[in-house]
Amino acid sequence: DLGVCLHTSTSGLDIPMKLVDMLGSGLPVCAFKYPCISELVNSSNGFVFDGANQLSNILFGLFGKAKHSNEVLERLKGNIDLESWEVNWEKNALQVFEEAKLLNRDHNYF
């Protein structure tokens, strides 16, 4: 299985939630290239393409040669980090909010 995302961004700064959902479910992805897409998709969890020919080459390379596609897709799938929301929150965001609360205690922001 491979998720395909054709989302484009006028600002180049937004992350398509469909990619977050696909990766969050352990599905390798193939996504249209624009400036911030590398924050989510790279060679360890999928493919990035910049046009129809490149997308066609990726799909044919994976599914046109069945004996190699399973190996590639399983490798990509194995590289996807499936930490739970809670674990990810504690590791990346909780400390930021706790520090902000301590810094702003005198200002009654929280």
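Caption draft 1: Examining helix α1 (residues 17–24) more closely. Among the residues making up α1, those that are buried are Leu19, Met22 and Leu23. Within α1, the buried residues cover an arc of 95 degrees as seen down the axis, which keeps them to one side. Projecting away from the buried face of α1 at angles above 90 degrees are the exposed residues Met17, Asp21 and Gly24. Among the structural elements, β1 (3–5) and β2 (29–32) are those in contact with the buried residues of α1. Positioned one or two residues after α1, Gly26 has a phi angle of 85 degrees, which is positive.

Caption draft 2: Expanded view of the environment of Asn42. By secondary structure assignment, the location of Asn42 is in the loop between β2 and β3 (46–49). Spatially, the C-alpha atom of Asn42 lies 9.3 Å from that of Val29, the residues being 13 residues apart in sequence. Side-chain polar atoms of Asn42 contact the side chain of Ser44, separated by 2.5 Å.

Caption draft 3: Structural detail: the side chain of Ser9. Topologically, Ser9 is positioned in the loop between β1 and α1. Polar contacts involving the side chain of Ser9 include one to the main-chain amide nitrogen of Ser11, which spans 3.4 Å. A polar contact of 3.5 Å, which involves the side chain of Ser9, links it to the backbone nitrogen of Leu13. Apart from residues lying up to four places away in sequence, Ser9 is in contact with Asp14 and Tyr34.

Scoring rules and cut-offs
Note that residues are indexed from 1 along each chain, following the sequence as it is written. Predicted model: local features are reported for residues with pLDDT of at least 70 only, side-chain atom pairs are reported and counted for 80 or more only, and whole-chain, interface and lining totals are derived from all residues. Heavy atoms from the whole structure form the basis of all side-chain values; hydrogens and water molecules are not counted. Burial here depends on accessible area, computed with a 1.4 Å probe over protein chains only, as a share of the maximum for the residue type. Under 20% is buried, over 50% is exposed, and the range in between is partly exposed. Strands are runs of DSSP state E lasting at least two residues, helices are runs of H or I lasting at least four, and both sets are numbered from the N terminus onward. This arc corresponds to the set of directions leading from the helix axis out to the C-beta atoms. Between two residues, a contact is recorded if the distance between any of their heavy atoms is within 4.5 Å. The definition of a polar contact used here is a pair of N or O atoms within 3.5 Å, where within protein one atom must be able to donate a hydrogen and the other to accept one, and adjacent residues in sequence count solely through side-chain atom pairs.

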